[in-house]
Amino acid sequence: MTLEPRDCLMQEARSALCPSTCVGFAQTLARHGLRLEREQTHTLQINTGLLCNQACRHCHLEAGPKRTEIMDRETMDQVADYAERGGFQSADVTGGAPEMVPEIDHLLTRLAEAVPRVMLRSNLTAIRDSAREHLGLLCRDLKIVLVCSLPATHASQTDAQRGGGVMDASVRTLQWLNTLGYGQSGTGLELNLVSNPAGAFMPPDQGRTEERFRRDLQRKWGIVFNNLYTFANVPLGRFRTWLEASGNYEQYMTRLTETFNPEAVAGLMCRSLVSVDWKGDLHDCDFHLAKAIPLDGTRRHVATMSGPPLPGTPIATAEYCYACTAGAGFT
Ligand code: SF4
């Protein structure tokens with residue numbers, strides 16, 4: 001797809017500037033005759049808050065057990081009303097760990113009535129907590145698509161990134177989800193995995209990684225799943241702090257800029273998705289949400305929106321956008 005050239009209307013965002021080796025993302029787009037603006041927005045991504053039972057090293061939101069920001073029931077209702085009113089095709093529920101938000105059952109139930117496809121992102125440990133097992137059953141009954149984080153098929157990498165014991169707990173959860181029908185053919189219960197690198201390097205090829213995960217998980221634990229997605233870590237939050245502390249930031253940004261793929265721009269998720277935070281305010285994506293950059297430069301609450309942002313609305317850019325256009329891209 002070819003996009004029209006134009007001057008960069010959106011200033012490179014309020015985040016820290018690129019290191020000396022990194023050209024601004026907006027400049028790079030302009031050099032390729034591209035611009036970043038919306039197409040039809042069909043997905044509403046809902047960040048239910050920063051509370052999480054884990055504190056992963058790569059987390060761009062710095063979520064963790066001590067965070068208190070969570071979505072309340074009134075906001076959930078406003079979000080679900082917006083999803084319906086806006087004619088969204090899908091809702092993508094994320095966090096933090098959405099499973100830990102007290103009224104999450106209510107949000108999922110309302111969304112399932114409002115849109116054809118609801119996805120829930122899970123870290124695979126919060127959903128199996130004894131107090132929340134009913135959530136798996138609710139997801140099954142509502143036919144919610146599960147998108148689950150699993151960095152690797154061996155414990156050393158998974159536990160290094162996400163905490164001790166996470167691999168064992170994740171395996172038990174996946175086995176349990178399989179017994180509920182998730183990932184099994186003919187059930188209509190979709191179980192997808194996402195994998196990201198443990199350090200300052202690019203993810204391996206998605207197709208080959210999916211094949212390896214399918215083989216390993218089946219052989220070691222009899223686990224089946226539908227699809228696997230790989231993505232590059234976004235240099236924000238805890239991952240950025242780690243990159244800087246370990247002296248890897250410049251090198252990582254250089255790698256991201258060198259692997260800029262102009263073909264990936266047309267499929268960027270920010271062109272078809274809008275993200276709502278736990279207070280109900282809208283952002284172009286979950287990364288701009290992390291940096292508190294509002295949609296179209298103005299604070300907008302779901303309760304005041306008549307529909308999705310219009311096609312042609314400009315999208316703010318920042319240096320971390322390079323993580324979305326590296327290699328095959330981040331969709
Ligand atoms: S961070 Fe990625 S998803 Fe967000 S605006 Fe930039 S390119 Fe789009």
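Below or above, wherever it landed, is the structure these notes cover. The structure displayed is predicted, hence computed values, not measured ones.

1. Looking at the overall build of the protein
Next up, step 1: Across its full length, the protein holds ten helices and eight strands.
Next up, step 2: A compact globule built from 331 residues should have a C-alpha radius of gyration of about 20 Å, and the protein, at 19 Å, falls within 12% of that.
Next up, step 3: Dimensions of the protein, computed from the C-alpha atoms along their principal axes, are close to 55 × 45 × 40 Å.
Next up, step 4: Looking at the protein residue by residue over its 331 residues, the buried ones come to 57%.
Next up, step 5: Sequence-distant contacts, at least 24 apart, represent 75% of the contacts inside the protein between residues at least 6 apart.
Next up, step 6: Counting only carbon and sulfur atoms, one obtains 49% of the accessible surface of the protein, whose full area is about 13800 Å².
Next up, step 7: In the protein, 33 side chains carry a positive charge and 37 a negative one; their mean positions are 4 Å apart.

2. Here we look at the site of the ligand
Next up, step 1: All residues adjacent to the ligand are Leu268, Met269, Cys270, Cys285, Phe287, His288, Ile315, Ala316, Tyr320, Cys321 and Cys324.
Next up, step 2: When grouped by side-chain class, the residues that make up the shell around the ligand number ten nonpolar, one polar and no charged.

3. Re helix H7 (residues 206-221)
Next up, step 1: For H7, spanning 16 residues, the distance from its first C-alpha to its last is 22 Å, which sits close to the expected 22 Å at 1.5 Å a residue.
Next up, step 2: Elements that come into contact with the buried residues of H7 comprise strand E5 (191-195) and strand E6 (227-230).
Next up, step 3: With a side-chain oxygen lying 3.2 Å from the backbone nitrogen of glycine 207, the N-terminal cap of H7 falls on aspartate 205.
Next up, step 4: Glycine 222 sits one or two residues past H7 and shows a positive phi near 70°.

4. Brief notes about the sheet that holds E5
Next up, step 1: Pairing in this open sheet of eight strands is mixed, and the strands run E6-E5-E4-E3-E2-E1-E7-E8 from one edge to the other. With partners counted over all chains shown, the strands left at the sheet margins are E6 and strand E8 (282-283), one partner each.
Next up, step 2: In this fold H7 packs onto E5 and E6, with an angle of close to 130° to the strand it touches most, E6.

5. Things to note about the pairing of strand E1 (residues 43-47)
Next up, step 1: With five of five residues buried, E1 lies mostly within the body of the structure.
Next up, step 2: Side-chain alternation along E1 places Thr43, Gln45 and Asn47 on one buried face and Leu44 and Ile46 on a second face that is also buried.
Next up, step 3: In this structure, E1 lies alongside strand E2 (residues 90-94), joined through five bridges in parallel fashion. Residue pairing across strands places glutamine 45 opposite aspartate 92, the latter belonging to E2.
Next up, step 4: Considered for its hand, the β-α-β crossover made up of E1, helix H2 (residues 73-85) and E2 is right-handed.
Next up, step 5: Pairing between E1 and strand E7 (residues 273-276): four bridges, direction parallel. From the neighbouring strand, glutamine 45 faces E7, where its bridge partner is serine 275.

6. Concerning the side chain of threonine 94
Next up, step 1: Following the sequence through the fold, threonine 94 ends up in strand E2.
Next up, step 2: Threonine 94 has contacts with Gln45, Ile46, Asn47, Thr48, Arg121 and Asp286, leaving out every residue within four places of it along the chain.

What counts as what
Residues numbered from 1 in each chain as written. Predicted model: local features only at pLDDT ≥ 70, side-chain atom pairs only at ≥ 80, totals over all residues. Heavy atoms only, no water. Helix = DSSP H or I, 4+ residues; strand = E, 2+ residues; numbered from the N terminus. Rg over C-alpha atoms; globule rule 2.2 N^0.38 Å. Buried < 20%, exposed > 50% of the residue type's maximum accessible area, 1.4 Å probe, protein only. Contact = heavy atoms within 4.5 Å. Areas by Shrake-Rupley, 256 points an atom, 1.4 Å probe, with all protein chains shown as cover. Lys, Arg positive; Asp, Glu negative; His and termini not counted. Charge placed at Lys NZ, Arg CZ, Asp CG, Glu CD. Near = heavy atom within 4 Å. Nonpolar A, V, L, I, M, F, W, Y, C, P; charged D, E, K, R; others polar. Expected span 1.5 Å × (residues − 1). Polar contact = N/O pair within 3.5 Å; in protein donor to acceptor, adjacent residues only side chain to side chain. Pairing = 2+ DSSP bridges. Axes fitted to C-alpha atoms, helices over the stretch in contact; angles between N-to-C directions. Right-handed = clockwise from strand over helix to strand, strands pointing away.

Purely geometric numbers; function is a separate question.
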